[in-house]
Amino acid sequence: MIFLMDIIKGTLIGIANIIPGVSGGTMAVSLGIYDKLISAVSGLGRDWKKSLGTLLPIILGCGIGIAGFTYAVEYLLSRHTFVTSMAFVGLILGGIPVLVSSLQRELARRASKIGLSGVLAFAAFFSVAVFLPMMNADDEVLRTFSVTPWTMASLFLVGIVASATMVVPGVSGSLVMMILGYYYGVINTIKSFLDALKAFDMAGLLHGFGLLMPFGAGVLLGIFLIAKLITFLFERFGIQTYCAILGLIAASPFAIFYNTGLFARLSSLGPGKLLLGLVLAVVCGGITWKLGE
C-alpha cells in the first residue's frame with residue numbers, strides 16, 4: 001500500500017515538475033515525502049538498497065506523471081497559447097509570497113539586511129532571465145531538436161541545471177528550462193518519443209533516445225550532485241540565493257510571453273480571452289500560494 005501511495009505521490013510530483021511555475025520540491029513538501037526523498041538521495045552512498053527501495057516508486061510515479069501530462073501541455077501551448085501562458089504566469093507569481101516569507105525568515109535568522117549583495121543578486125538574475133529568451137527564436141513553442149553533439153551536450157547541461165532547481169521547494173525546474181529556451185523543445189521531444197513508442201517507429205525512437213538520454217543523464221547528475229551545491233548556497237549565502245531566485249521569478253512572465261511570441265499577438269486577442277487569461281492567472285496564483293503555505 002505504501003508502495004502504491006508513493007507511486008501516486010510521485011505522479012503528482014512529475015506533473016508538478018512539467019508545469020512552469022510549479023515546484024516539484026513544494027509538491028513533495030505538500031505531500032509529506034520531501035524529507036524521505038532527500039534522505040534517500042543523500043543515503044545512496046551509505047545504504048543504496050534501502051535508498052533505491054524508497055526512490056523506486058517515486059521515480060516510477062514521476063515518469064508516469066511526466067509522460068501523461070506532456071500531451072496536455074503540448075496541446076494547450078499550441079492551441080490555447082495565451083490562456084495557458086497566463087495560467088503559467090499565475091502559478092509562477094503565486095510562489096512569490098512564499099519565497100518572500102522564506103527570505104524574511106533568513107534575514108531574521110542571520111539578524112541581517114538584504115544589502116548590496118542581495119540587490120546585485122536580484123538584478124543579475126533578473127537581467128539573465130530577460131536577456132536569455134531574447135537569444136531564442138520567438139516561435140520557441142514550435143521548437144524541435146536535431147541530434148547533434150552540441151545539442152546533446154546542451155541538453156545534458158540543461159538537465160543538470162533544471163534538476164538541481166527541481167529539488168528546492170519554491171523553485172520550478174521547468175521555469176528555468178523555459179528561460180533557457182529549452183522547455184518547449186524538451187516537451188516536443190518527449191511527446192515525439194512517446195508517439196514513436198506507440199507506433200514502434202525505430203527511427204523516431206532512436207532520435208528521441210539520442211536527445212533524451214543526455215538530458216536524463218544531466219537530470220540524474222543534477223539531483224545527486226548539484227543539489228548538494230544548492231543546499232550549500234542556501235546555508236552559506238541564503239539571503240543572496242533567495243534574492244537571486246526572486247529576480248528569476250520576477251522576470252519570468254517576460255520570458256514566457258517572449259518565447260511564445262505573445263507580444264506580437266496581444267493586440268489581436270479578444271476581450272473574452274483576455275478576461276479568461278486574467279482569471280486563470282489569479283486562480284493559479286492562489287493555488288501555488290496555498291500549496292506553498
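Please refer to the structure placed before this passage.
Computed from a prediction, not measured in an experiment: that's the story for all the values here. (Residues numbered from 1 in each chain as written. Predicted model: local features only at pLDDT ≥ 70, side-chain atom pairs only at ≥ 80, totals over all residues. Heavy atoms only, no water.)

Trainee: What is the right way to look at the packing of helix α9 (residues 173-180) against helix α12 (residues 238-259) in this model?
Mentor: For any two helices packed against each other, the geometry is given by the interaxial angle and the distance between the axes. Interaxial distance between α9 and α12 falls to 9 Å at its minimum, and their mutual angle equals 55°. Considered as vectors, α9 and α12 are oriented oblique to each other. Classified by chirality, the crossing of α12 by α9 is left-handed. Here Leu175, Val176, Met178 and Ile179 of α9 lie close against α12, whose contacting residues are Leu248, Ile249, Ser252, Ala255, Ile256 and Asn259. Looking at the contact of α9 with α12 residue by residue, the classes come out as eight nonpolar, two polar and no charged. (Axes fitted to C-alpha atoms, helices over the stretch in contact; angles between N-to-C directions. Helix = DSSP H or I, 4+ residues; strand = E, 2+ residues; numbered from the N terminus. Parallel < 35°, antiparallel > 145°, perpendicular 65-115°, else oblique. Left-handed = near helix turned anticlockwise from the far one by under 90°. Contact = heavy atoms within 4.5 Å. Nonpolar A, V, L, I, M, F, W, Y, C, P; charged D, E, K, R; others polar.)

Trainee: What's the story with the nonpolar core in this structure? I'm lost.
Mentor: Soluble globular proteins: nonpolar side chains tend toward being buried together. One finds Phe88 and Tyr183 to be the most contacted residues of the largest nonpolar core, which totals 53 residues. The element contributing the most residues to this core is α12, with 12 residues. Discounting residues that sit within four places of it in the chain, phenylalanine 88 has contacts with Ile19, Pro20, Leu77, Met178, Tyr183 and Ile256. Among the nonpolar cores identified, the runner-up in size contains 10 residues, and Ile33, Tyr34, Ala40 and Leu55 belong to it. (Core = buried A, V, L, I, M, F, W, Y, C linked by side-chain atoms within 4.5 Å. Buried < 20%, exposed > 50% of the residue type's maximum accessible area, 1.4 Å probe, protein only.)

Trainee: What is the right way to read the packing of helix α5 (residues 81-93) against α12 from this model?
Mentor: At their nearest, the axes of α5 and α12 sit 10 Å apart, and the two run at 170° to each other. Viewed along their axes, α5 and α12 adopt a mutual orientation that is roughly antiparallel. Counting all contacts with α5, which are made through Phe82, Ser85, Met86, Phe88, Val89, Ile92 and Leu93, the residues of α12 involved are Ile249, Ser252, Pro253, Ile256 and Phe257. Along the lines of polarity and charge, the residues of the contact of α5 with α12 split into 10 nonpolar, two polar and no charged.

Trainee: What's the story with the packing of aromatic side chains in this structure? I'm lost.
Mentor: Centre-to-centre distance and the angle between the planes together describe a pair of aromatic rings. As enumerated under the stated definition, the model contains three aromatic pairs in all. With a centroid separation of 6.4 Å and an interplanar angle of 80°, the aromatic rings of phenylalanine 82 and phenylalanine 257 are classed as edge-to-face. Of this pair, phenylalanine 82 sits in helix α5 while phenylalanine 257 sits in helix α12, and the two are 175 residues apart along the sequence. (Phe/Tyr/Trp six-rings, centres within 6.5 Å; stacked < 30°, edge-to-face > 60°.)

Trainee: Sorry, what's going on with unusual backbone geometry here?
Mentor: Most peptide bonds are trans, and most residues other than glycine sit at a negative phi. Unlike most non-glycine residues, alanine 111 shows phi in positive territory, near 50°. For phenylalanine 200, which is not a glycine, the phi torsion comes out positive at approximately 55°. Considering the arrangement of structural elements, one finds phenylalanine 200 in the loop between α10 (183-199) and α11 (202-236). Taking relative accessible area as the criterion, phenylalanine 200 reaches 69% and is therefore assigned exposed.

Trainee: Would you explain the environment of leucine 262 in this entry?
Mentor: Note that leucine 262 resides in the loop between α12 and α13 (271-292). Residue classification places leucine 262 among the buried residues on the basis of a relative accessible area of 2%. A sequence separation of 180 residues divides leucine 262 from phenylalanine 82, and the C-alpha atoms of the two residues are 6.9 Å apart. If we skip the residues at most four places from it in the chain, leucine 262 touches Thr81, Phe82, Ser85 and Phe257.

Trainee: What should I look at first to understand the pattern of salt bridges in this one?
Mentor: Opposite charge on two side chains lets them pair, provided their charged atoms get close. Scanning the entire structure with this criterion turns up four salt bridges. One salt bridge in this structure joins arginine 110 and glutamate 106, with 2.4 Å as the shortest N-O distance. Here the residue arginine 110 and the residue glutamate 106 both occupy positions in helix α6 (residues 96-110), the gap between them amounting to four residues, near one helical turn. Judged by relative accessible area, which is 8%, glutamate 106 ranks as buried. Across the pair aspartate 195 and lysine 191 runs a salt bridge whose closest N-O atoms are separated by 3.2 Å. With a gap of four residues between them, aspartate 195 and lysine 191 both fall in helix α10, about one helical turn apart. Residues participating in the shared-partner salt-bridge network are Glu106, Arg109 and Arg110. (Salt bridge = Lys/Arg side-chain N within 4 Å of Asp/Glu carboxyl O.)

Trainee: Mind showing me how you'd approach the side chain of threonine 11 here?
Mentor: By the secondary structure assignment, threonine 11 is in helix α1 (residues 2-18). The buried category is assigned to threonine 11, whose relative accessible area is 19%.

Trainee: Looking at this structure, I do not really get α5. What am I missing?
Mentor: Every α-helical turn comprises 3.6 residues, leaving residues that sit three or four positions apart pointing alike. Look at α5: 18 Å from first C-alpha to last across 13 residues, which is about the 18 Å you get at 1.5 Å a residue. For α5, the full list of buried residues reads Thr81, Phe82, Val83, Thr84, Ser85, Met86, Ala87, Phe88, Val89, Gly90, Leu91 and Ile92. (Expected span 1.5 Å × (residues − 1).)

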